[in-house]
Amino acid sequence: MVEGALANRHPLSQVLALNGWTNEDYLRRVSSAHRALGYGGLGCRKEKVSRWTRPVRPQVPNEPTQLAMAAVLEIPASEVRTGTWPHWLLLGIRDRSAVWESPWTPQGTITALDDAGGPTVDRRGFLTAGGGTVAAAIAQWAIATPANAVTGRRIGKTVADRFDTRLDELRHLDDDLGADYVYDAARAEVRLITRLLRNHSYTEATERRLYASAAEASRLAGWCAYDTGDIAAAEKHLHAALRASASSGDHTTGAITAAFWANVRYGNTVSPDPLSALDLINGALVHRDRITSPRALAMLHIRRARAHSLAGEPAAAYRAVDDALTAYGNGVPVTADLPSVYWVNAGEIHQAAASAALSLHDPARALEHFTAAATHADPYDAEKEPRGTAIYLIRKASAYLALDDLDGTVETARHAVDLMGGVSSARGSSALIELCSALVRRRGVPVVREFLDLTG
């Protein structure tokens, strides 16, 4: 795996280092591929690589050269055309770990859970799974065979009950403290459940509950990894969670996992991929008749709205918002729904709808939804969700800024900064940095200057 120092290097430098290639070795391979693709020869002077990877004013290879590079690394040409240079190169850093390559069987799930829940490794050098890998995963999930009972020392339903309780506590600790504190605990939970699945016997019903618990623990680990900024580790956990949900035969748990993975796909600030997020969401919605939680269904729709908004598709995004509100309105009280979706309410839907409107450059509509999130009879709970509240407040401040309301921008952003002091979140910090960068050009305004001095 990539060491921390390597992970901070240019993607092309990482590719060369991990393959043991010199600049000339690599350029000879690229030149050969360039010719094979019909583009003619390509010079092999080693300075080419230096010009592409230098930190100041690097050159960007033209499309034929990038396509030849992709051919050398066995990366589909579509990733070059839809991705951005140099980030698509990281798809050539092969992560051949078991979580991606194990069969979609109960035993394959145990292997994948072992791999994803193992020792911590800095995976920031590995971008994320390609869009084709994500689409294949949701397709495999839909047809995988659930587990059957096995032999071994027997455990009963009480153990499964205890895991339900432990996971509920972890979810709320994540709300209270943030991902830094909960990530290791979630991974430990995955390891414990996996050990029981491997070494014990149980009724089929208990076994499937254990796989569902493994899915939820891995899903929580994935969310924590994402919130700390480790996108690729998050995807490994979420892929393992999707496998475990398939082994449990629980389509609702799988749909929840798909919704969170979709968030990671479109929320990746380096190379957001709303189209593969839609693959995950639509793949789950194909089985909506098997999704037993109205809140899970509403969550899928609101994540669909966010993905469409980031793809620049306003009509589809706003339809998805309406679908989310309808699904939630047809639901049941929170005490009658799954414990894992306790946080989904009308206020949450309006917050996400506001984010979608902001992505679609409609700040006035965004502020309407932000206001509805706080004033609805079923409002967003800022006290229980300090991390989420801070992120949404920063987005609300961005909406005020887009409308040139600097007083509203700063007042809202100050509130967000106050909240961020009590809970850790790389996503929140990144959003604040982006807002401050946008405010720099207005530093001449006293209220803005005071805020920038406070946060600088």
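See above for the structure.
Rules and cut-offs
- Residues numbered from 1 in each chain as written.
- Predicted model: local features only at pLDDT ≥ 70, side-chain atom pairs only at ≥ 80, totals over all residues.
- Heavy atoms only, no water.
- Helix = DSSP H or I, 4+ residues; strand = E, 2+ residues; numbered from the N terminus.
- Buried < 20%, exposed > 50% of the residue type's maximum accessible area, 1.4 Å probe, protein only.
- Contact = heavy atoms within 4.5 Å.
- Areas by Shrake-Rupley, 256 points an atom, 1.4 Å probe, with all protein chains shown as cover.
- Expected span 1.5 Å × (residues − 1).
- Core = buried A, V, L, I, M, F, W, Y, C linked by side-chain atoms within 4.5 Å.
- Patch = residues over 30% accessible without salt bridge, like charges linked within 9 Å, V, L, I, M, F, W, Y side chains within 5 Å.
- Salt bridge = Lys/Arg side-chain N within 4 Å of Asp/Glu carboxyl O.
- Axes fitted to C-alpha atoms, helices over the stretch in contact; angles between N-to-C directions.
- Left-handed = near helix turned anticlockwise from the far one by under 90°.
- Nonpolar A, V, L, I, M, F, W, Y, C, P; charged D, E, K, R; others polar.

### Notes on the overall build of the chain
- Regarding its fold elements, the chain presents 23 helices and two strands.
- Put simply, the chain has 456 residues, and 53% of those count as buried.
- For the chain, the share of sequence-separated contacts (at least 6 apart) that also reach a separation of at least 24 residues comes to 70%.
- For the chain, the exposed surface amounts to about 19,900 Å²; the carbon and sulfur share of it is 51%.

### Here we look at helix α17 (residues 314-329)
- Along its 16 residues, α17 runs 23 Å from first to last C-alpha, staying within 8% of the 22 Å computed at 1.5 Å per residue.
- Considered for burial, the residues of α17 that qualify are Ala316, Ala317, Tyr318, Ala320, Val321, Ala324, Ala327 and Tyr328.
- Contact partners of the buried residues in α17: α16 (294-310), α18 (346-359) and α19 (363-375).

### A look at the nonpolar core
- Formed by 90 residues in total, the largest nonpolar core has its most connected members in Leu210, Trp261, Leu300 and Ile302.
- In terms of residues, this core owes the most to one element, helix α12 (residues 204-227), which gives 11 residues.
- Formed by 22 residues, the second largest nonpolar core is a distinct cluster that contains Trp21, Val49, Trp85 and Trp88.

### Structural notes on a nonpolar patch on the surface
- On the surface, a cluster of nonpolar side chains totalling about 300 Å² of accessible area is made up of Leu173, Leu177 and Tyr181.
- Note on placement: Leu177 falls in helix α10 (residues 157-177).

### Remarks on the packing of α19 against helix α20 (residues 386-402)
- α20 packs onto α19 with a crossing angle of 140 degrees between their chain directions and a minimal axis gap of 9 Å. Crossing hand, α19 versus α20: left-handed. Only Tyr392, Arg395, Lys396, Ala399, Tyr400 and Ala402 of α20 make contact with α19, whose side of the interface consists of Pro363, Ala366, Leu367 and Phe370.
- In terms of residue class, the contact of α19 with α20 is made up of eight nonpolar, no polar and two charged.

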